[in-house]
Amino acid sequence: MIRYKTEQQIELMRKSALLVSDTLGMLAGLVAPGVSPLDLDKKAEEFIRDMGGAPGFLGLYNCPSTLLTSVNEQVVHGIPTDKPLQDGDIVSIDCGVFMGGYYGDHAFTFTVGEVEAKIRKLLEVTYECLMKGIEQCKEGNRIGDIGHAVETHATDHGYGVVRELVGHGLGTQLHEEPQVPNFGRQGKGKKIKDGLTVAIEPMINMGTHRVKQLADGWTIVTADGLPSAHFEHDVAVVNGAPEILSSFEPIFEVIGNPFENKSEA
Ligand code: MG
Ligand code: MG
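Calculation notes
Residues numbered from 1 in each chain as written. Chains lettered and ligands numbered in written order. Predicted model: local features only at pLDDT ≥ 70, side-chain atom pairs only at ≥ 80, totals over all residues. Heavy atoms only, no water. Donors = N, O, S within 2.8 Å, 3.2 Å for Na, K, Ca; no water. Helix = DSSP H or I, 4+ residues; strand = E, 2+ residues; numbered from the N terminus. Buried < 20%, exposed > 50% of the residue type's maximum accessible area, 1.4 Å probe, protein only. Pairing = 2+ DSSP bridges. Axes fitted to C-alpha atoms, helices over the stretch in contact; angles between N-to-C directions. Contact = heavy atoms within 4.5 Å.

## Description of the coordination of the magnesium ion (ligand 2)
Then comes step 1: Taken together, the protein ligands of the magnesium ion (ligand 2) are Asp-105 (OD), His-168 (NE2), Glu-201 (OE) and Glu-232 (OE), with distances of 2.1 to 2.2 Å.
Then comes step 2: We note that the donor set of the magnesium ion (ligand 2) lies within a single chain, spaced as D-x62-H-x32-E-x30-E.
Then comes step 3: Separating the magnesium ion (ligand 2) from the magnesium ion (ligand 1) is a distance of 3.2 Å, and Asp-105 supplies a donor atom to each of them. With His-168 in strand E7 (residues 167–169) and Glu-201 in the loop between strand E9 (197–200) and strand E10 (203–205), this pair connects stretches of sequence that are 33 residues apart.
Then comes step 4: The exposure class assigned to Glu-201 is buried, which follows from its relative accessible area of 7%.

## Describing the coordination of the magnesium ion (ligand 1)
Then comes step 1: Around the magnesium ion (ligand 1), the donor atoms from the protein are Asp-94 (OD), Asp-94 (OD), Asp-105 (OD) and Glu-232 (OE), and they sit 2.0 to 2.3 Å away.
Then comes step 2: Ordering the donors of the magnesium ion (ligand 1) by residue number gives the pattern D-x10-D-x126-E.
Then comes step 3: On the accessibility criterion, Asp-94 (6% relative accessible area) is buried.

## Focus: the sheet that holds strand E8 (residues 176–180)
Then comes step 1: Ordered in space as E8-E7-E9-E14-E15, the five strands form an open sheet in which the pairing is antiparallel. Edge positions in the sheet fall to E8 and strand E15 (241–244), since each of these pairs with one other strand and no more. Sheet twist, expressed as the mean angle between neighbouring strand axes with direction ignored, is 30°.
Then comes step 2: When E7 meets E9, the two strands line up antiparallel, connected through two bridges. By the bridge assignment for E9, Gly-169 is matched with Val-198.
Then comes step 3: This element, helix H1 (residues 7–28), spans E9, strand E14 (233–238) and E15 of the sheet and lies at about 160° to E14.

Okay, here's the thing in structure tokens:
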């Protein structure tokens, strides 16, 4: 059952989402060669608690960390380790917050030092996939329209769209109905209407769409070892239109907007 939110509930969700945004903005200043994901994880937990929230992932499904950090061929669900990031890496940082009874869940893929142009292109297209998916999250459309927009843009660039992991409803639970796949058919799936709150999160691979899980029971990697990118926003449908509750602005204030003139932040 989809739990549609009231205006008041959406405001609480916005606070949780923006605390994740601020956490990612704080981390944006720290991501660099030599820094370990575990260092970032500690800073994120401290920051979230200082701001009056609780880490949203920690302890949920036995998750051991505040962040999920997925480097290069890791798609999502990487557990932070003390292995330092290296020049040329990309790292998806996915962060959750629980505050005021609601979850925020939001992710950005960062470049570490100098990253190859073809990998930067993957990030740019994945970001565009997110924005194109969000545009379709409006009254009169169905969930399949979101995935169709994401999938079309990714496959137009020859990229693989991960199918095993999907976006999701968001609220008092981290994962609520409906599932929001990054592929789909126009006009198919549940109807979109006011009060719907979802996390939209394209996971796009440079090569094959196929993925596998590592023996740690968490980390998802591409089957061919090529890089993967992941961007996630929290979105509410208000007055029939998508409203992005989270924001990449705190990140862009630190590193600039690498996607400027491409799409709206
Ligand atoms: Mg997430
Ligand atoms: Mg999510």
